[in-house]
Every structure is written in C-alpha cells, then in structure tokens.
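Observations on chain architecture
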Amino acid sequence: MRAQFVLSEILTGLRRNLTMTVAVIVTVAISLALAGSGLLLRKQVNLMKGYWYDRVEVSIFLAEDVTEAQRDSIQDDLQALPEVERVEYESKADAFIRFKEQFKDSPQLVENASEDALPESFRVKLEDPEKFDVVASAFAERAGVETVLNQRELLEKFFKVLNGLQLGTLIAAGLQLLAAAFLISNTIRVAAFSRRRETGIMRLVGASNLYIQLPFLLEGAFAGLIGVTLAVSLLAGFKVFLIDKLLRTSITATAFIGWDAVWAVVPVLLLLGVGLSAVASFVTLRKYLRV
Amino acid sequence: MIRLDNVTKSYPNTPKPALASVDVEVDKGEFVFLVGSSGSGKSTFLRLLLKEESPTSGSVHVAGKDLARLSHWKVPALRRTIGCVFQDFRLLPNKSVFGNVAFALEVIGKHRQQIAKVVPEVLDLVGLEGKADRRPDELSGGEQQRVAIARAFVNKPMILIADEPTGNLDPTTSVGIMKLLDRINRTGTTVVMATHDAAIVDSMRRRVVELDAGKVVRDQARGVYGYSK
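Residues numbered from 1 in each chain as written. Chains lettered and ligands numbered in written order. Predicted model: local features only at pLDDT ≥ 70, side-chain atom pairs only at ≥ 80, totals over all residues. Heavy atoms only, no water.

What follows concerns the confidence of the model for chain B. Residue and element names in this part refer to chain B. Taken as a whole, chain B shows an average pLDDT of 92; of its residues, 99% reach a score of 70 or greater. Per-element confidence in chain B is highest for strand β7 (residues 159-163), whose mean pLDDT is 96, and lowest for helix α7 (residues 198-204), whose mean pLDDT is 90. Scored as a complex, the prediction yields pTM 0.70 and ipTM 0.84. (pLDDT = per-residue confidence, 0-100. Helix = DSSP H or I, 4+ residues; strand = E, 2+ residues; numbered from the N terminus.)

Empty pockets left among the atoms are what a rolling probe the size of a water molecule brings to light. Within the structure shown, the criterion is met by 4 cavities of 30 Å³ or more. Those elements that provide at least two residues to the lining of the largest cavity are α8 (196-204) of chain A together with α2 (75-80), β6 (82-86), α3 (97-106) and α5 (141-153) of chain B. Tallied by class, residues from the lining of the largest cavity come to 12 nonpolar, 2 polar and 3 charged. Roughly 80 Å³ of internal volume is contained in the second largest cavity. Around the second largest cavity, the lining residues are A:Leu14, A:Thr21, A:Val24, A:Ile184, A:Thr187, A:Ile188, A:Glu219, A:Gly220 and A:Ala223. (1 Å grid on protein atoms, 1.4 Å probe; cavity = no way out; pocket = protein on both sides within 12 Å on 5 of 7 lines; lining within 4 Å. Points joined across faces, edges and corners; volume = space filled by probe spheres on them. Nonpolar A, V, L, I, M, F, W, Y, C, P; charged D, E, K, R; others polar.)

To describe a pair of aromatic rings, one takes the distance between the centres and the angle between the planes. Residue and element names in this part refer to chain A. Tallied over the entire structure, the rule returns 4 aromatic pairs over all chains. When the ring of Phe158 is compared with that of Phe159, the centres are 5.7 Å apart and the planes differ by 45°; the resulting orientation is tilted. Its relative accessible area of 1% is what places Phe159 among the buried residues. Look at Trp259 and Trp263: their rings are 5.7 Å apart centre to centre, the planes differ by 25°, and that puts the pair in the stacked class. Of this pair, Trp259 and Trp263 both sit in helix α10 (residues 259-288), 4 residues apart, roughly one helical turn. With a relative accessible area of 33%, Trp259 lands in the partly exposed category. When the ring centre of Phe193 is taken as reference, the NZ or CZ atom of Arg196 above it lies at 4.0 Å. The ring of Trp259 carries Lys239 above its face, with NZ or CZ at 5.3 Å from the centroid. (Phe/Tyr/Trp six-rings, centres within 6.5 Å; stacked < 30°, edge-to-face > 60°. Buried < 20%, exposed > 50% of the residue type's maximum accessible area, 1.4 Å probe, protein only. Lys NZ or Arg CZ within 6 Å of the ring centre and 35° of its normal.)

What follows concerns the interface of chain B and chain A. Counting residues at the interface gives 24 residues for chain B and 17 residues for chain A. Of the roughly 1900 Å² buried at the junction of chain B and chain A (both faces included), carbon and sulfur atoms supply 61%. On the chain B side of the contact with chain A, B:Arg79, B:Phe103 and B:Val107 bury the most area, a combined 28% of that side's loss. Connecting chain B to chain A are 1 salt bridge. Salt-bridge contacts for A:Arg203 lead to B:Glu52; the nearest nitrogen and oxygen are separated by 3.2 Å. Here chain B and chain A share 5 residue pairs in polar contact (both at pLDDT 80 or more) between them. The set of elements that each furnish at least two residues to the side of chain B that touches chain A consists of α2, β6 and α3 of chain B. Tallying contributions element by element places α2(B) first for the side of chain B that touches chain A, with 4 residues. Across the side of chain B that touches chain A, the residue classes break down as 13 nonpolar, 4 polar and 7 charged. (Contact = heavy atoms within 4.5 Å. Buried area = accessible area lost by both parts, 1.4 Å probe. Salt bridge = Lys/Arg side-chain N within 4 Å of Asp/Glu carboxyl O. Polar contact = N/O pair within 3.5 Å; in protein donor to acceptor, adjacent residues only side chain to side chain.)

Here the idea is simple: oppositely charged side chains can pair when their charged atoms come close. Residue and element names in this part refer to chain B. Following the criterion strictly, the structure yields 25 salt bridges over all chains and no others. Between Glu121 and Lys117 there is a salt bridge, and its shortest N-O distance comes to 3.9 Å. Within this pair, Glu121 and its partner Lys117 are both found in helix α4 (residues 112-125), separated by 4 residues, close to a single helical turn. With a relative accessible area of 44%, Glu121 lands in the partly exposed category. Lys117 gets classed as exposed once you look at its relative accessible area, which sits at 53%. Between Lys131 and Glu143 there is a salt bridge, and its shortest N-O distance comes to 2.3 Å. Note that Lys131 is positioned in the loop between α4 and α5 and Glu143 in helix α5, a separation of 12 residues in sequence.

Time to look at the side chain of B:Thr44. Residues and elements named next belong to chain B. Inspection of the secondary structure puts Thr44 in helix α1 (residues 42-49). Overall, the relative accessible area of 8% leaves Thr44 in the buried class. Filtering out sequence-adjacent residues up to four positions away, Thr44 remains in contact with Lys9, Tyr11, Ala18 and Leu19.

This part is about a nonpolar patch on the surface. Residues and elements named next belong to chain A. Nonpolar side chains collect at one region of the surface, where Leu7, Leu11, Phe222, Ile226 and Leu230 lie side by side and expose about 420 Å² of accessible area between them. Of all the secondary structure elements, the ones that give two or more residues to the nonpolar patch are α1 (2-16) and α9 (209-250). Here the element with the most residues in the nonpolar patch is α9; it accounts for 3 residues. Looking at the secondary structure, you find Ile226 in helix α9. Classification of Ile226 by relative accessible area gives partly exposed; the value is 33%. (Patch = residues over 30% accessible without salt bridge, like charges linked within 9 Å, V, L, I, M, F, W, Y side chains within 5 Å. Areas by Shrake-Rupley, 256 points an atom, 1.4 Å probe, with all protein chains shown as cover.)

Another point: the environment of A:Phe61. Residues and elements named next belong to chain A. Tracing the backbone shows Phe61 in strand β1 (residues 58-62). For the pair Phe61 and Phe122, spaced 61 residues apart in sequence, the C-alpha separation works out to 6.6 Å. Sequence-distant contacts of Phe61, defined by excluding residues within four places in its chain, comprise Pro119, Glu120, Ser121, Arg123, Val145, Glu146, Thr147 and Leu149.

What follows is the structure, encoded as structure tokens:
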C-alpha cells in the first residue's frame, strides 16, 4: 500500500541523514523552547500585573512638621474623593513595625533605624489604579505633604525589565527558528541529492510531484514534530523544577502560571515547529526537485 | 503519436540551437531510429517528448496532446504513457530485479496485488524469469538493460523511448536487446531509439531519422545508418 511505502521511505530517509536529522531536531527543540519560554514569561508577567496591581497603593508621606489639623483635613479630603476606595493611616510607630518586619533579615539596618526616622503616611487604595494623577495633583503641593508615591510606578519599572527580557527571549527564539529553517532546508537538499537516482526514476515513470516530494516534506515535518515534543518536555521541566520546586516555595508574594498556561502554549509550538519545517522543506523542494 | 512541427530549441548561452526547425511525425506502432553524431540534437529531441524541456518555438504533440498546453501537474500523466530506457540502465542498486520493476508501479500508486501479478509477467517477457530476486550488480549488462526495459514497459506505455540502449553492451548482447525492443514494438508500442550503432540500424531496416547540427538531414523508411563512419 501507498501509506506503508511512504512511511518506510521517511524512516530510511531520516536514518540515512541521521546527523543532520539530529541537528534539525535539536535546533527546532531549542528555538521552540525559547519561543515557549517567551510566551510563558508574558503570561507570568500578566499574572503578576493582575496580582500586584490589585494590591498596589498610593502612599502619601507626610512632612516632619505636619500639624494635626493638616493631617485630619488631608484624610477627610482623601475620603471624600470618589476615586478613592480606602484610606489607611500609618503612624510612625506602624511604619517602624512594618520596617522591622520587612528587614528582619538585616538586623543591623533595623538597629540603626529609629521610629523617628520614618515618616507617617496615608496608604490610599484607588478604585482605579490608573487614576493616580488625580490624587497626585490634589495632594502633592499641599501643606504637610512631603511626597506622593505611586507604587504602581515602581512596579512598572520592574515589568519593563521583564518585558524586555521577554522581548529578548522572543528575538533569540526568532533567530533560532530562522537557523532551524535554514538547517532543515539544507538537510532536505542533501537528502534530495543523495536520492536523486530514485527521484529521477520516479519522475521518468510518471510519479506525481506530490508523491515524489511527500517523503521529503514528511521527513522535515517529522523531525520538526520530534523537536516540538522535546521543546514541550523542556518547558514542562522548567515548570516543574524552576517554577514549582524553586520559585513557588521561595517567593510567596505573587501567583505563578499553572499547567493550563503551559498546555496553552503547546499548540502554538506545534504549529510553529511543524509549519516551519514543512514550509522550509517545501521551498527547498520547489528549487531542487523540479519536474 | 508523435509530431514535431517546426521545432527549434535553443539553450541559453549557446549561439547555435540544439534543434533547428525540425518537422518529424511518428505514427502509432512505428519503430524509428534517431541517428546522428554526438551533439546533433538526439537527446534534446527525446527530452522534448518527455517535456523535460520545452521548445523555444514550434509545437510538440505526444499521444494526441499539445505539450505546450499541457499544464505542469499533468506532466506525470504524460510520462506514464512513455517508457524510458537509457544507456546507463538507471537501476536502483539496493533493490532486487523485482523491486526495481515494482518501484515504477509503486510510485504511481498501483496496488500491491496488481504489482505482484504484473511484474513476473513482464520479467518473463524480457527473458528474466527466475532472476527476480537478484540484485542489479549480480547481473550482466544485457540482463540489467532487460530489467530497465521491463521497468519501462511494465506500465504498458504507448511509446518507448530508448536513448542508446546498446551503448554499453557488446554486439551479441545488443542483438538480444534489439530483438526484445522489436517484440515490444510488435505489441503496438511506438519505439523511438537514439543510437550510434550502425550495425544494429543496418540490420533492422527500420525508419531512420538522421539529425545533424540540429537539422533533420535524412528521414528514410527502411533506412541504414549512413554513409560516413
């Protein structure tokens, strides 16, 4: 039967070109693992944004010489703002407790600090974190206010770094994919050359184009598929060892991506890997296996 | 069956055309020798019939089809109506005699039962009964060419093209091959054979078309090889 014939052609073809096939598989696997990491990183960033933006507050630090009346009026005005969800006052004593808690691992720092060095503040939770400007413009210049600090801005800097990292990963993945495409194309060229006798006879006896090219296409796609499988295993490995075993246990301040995110990436990688090899093979074959 | 109308074929970067205003018509069931020195255009002639090349001008008709109008994807169907035999046999060294002939049917999608039935028949026809399991390198040159002929003929083509089929064989073996081609011709298959072998052409007394520098200089029924050489 035809299917059996084609299948045996694929396997002999892959075996004949073993070193090249391995090179293709490894390149595809690495490039796709990188691409997958980039996609997962983005999901992680989005997850962290959601998690932390829910919790960020605007801090209004009060000046050293703030009067009681000033403080009370600031609090009243804050509570009157429709954008404000909740206002909490943090006294110097509260701030010091929090400071001690935050830096409990560095006792020297705590010893050298005193309650007086820390400013009192209002912790403001906004209905919509985007509305920071309303609060900032209303209170920054006000008597008794030292500074208005938006935690979100700090986070944004952090996310900018993560986004840069993600972009870098995706660019590296793209370059790797390009290399993989060239490698596949080269492999097919070598395979076509080593089988020119067979393909020449096939052409002469009137085998269809598809029939002549299919084994090469499938070879490329098959190698791509193994590459995808390896890439998915690598990602699953990352998830288990890096995220679940290491990060999740040491960093509790955020949520981490679950298996659903990993599975969601699989079809993308599959499409990318198999599609890439098929396209690279196809283009090469059009050039080197013309009827 | 085959008609070339005013066919000219020029290759890029060569000043003289390989074929110049060639008009040849071959009827169904004919046996035609294509003779001429190397570079006279014999191979180009044969390649045009297979649509491996397209003419620069003029038209080529094969089996009732105008090859210029034949779309790219129909070329395989054309080639299934044409069997090809070459000087260098072009067998697959890692396949048996049976495998080599069966390969031609496998790659056009024939079923295994049919292959198992047809291949032994054609091996009998070419005189290779009992040698189905041999490898090409275990066979003599003449036997290898018989395998190639079996492969070309197994699909019952309307036309058999032979490009110097006896070029690598000694005279006695060549006679055997010619007898075989003659037998195939008698089944109604049109045979076009390019050759250098004057003795064969002279003994067969079939139609001879002589090419010289791309032009038909002689077209003779029941001809001989030629005057020179």
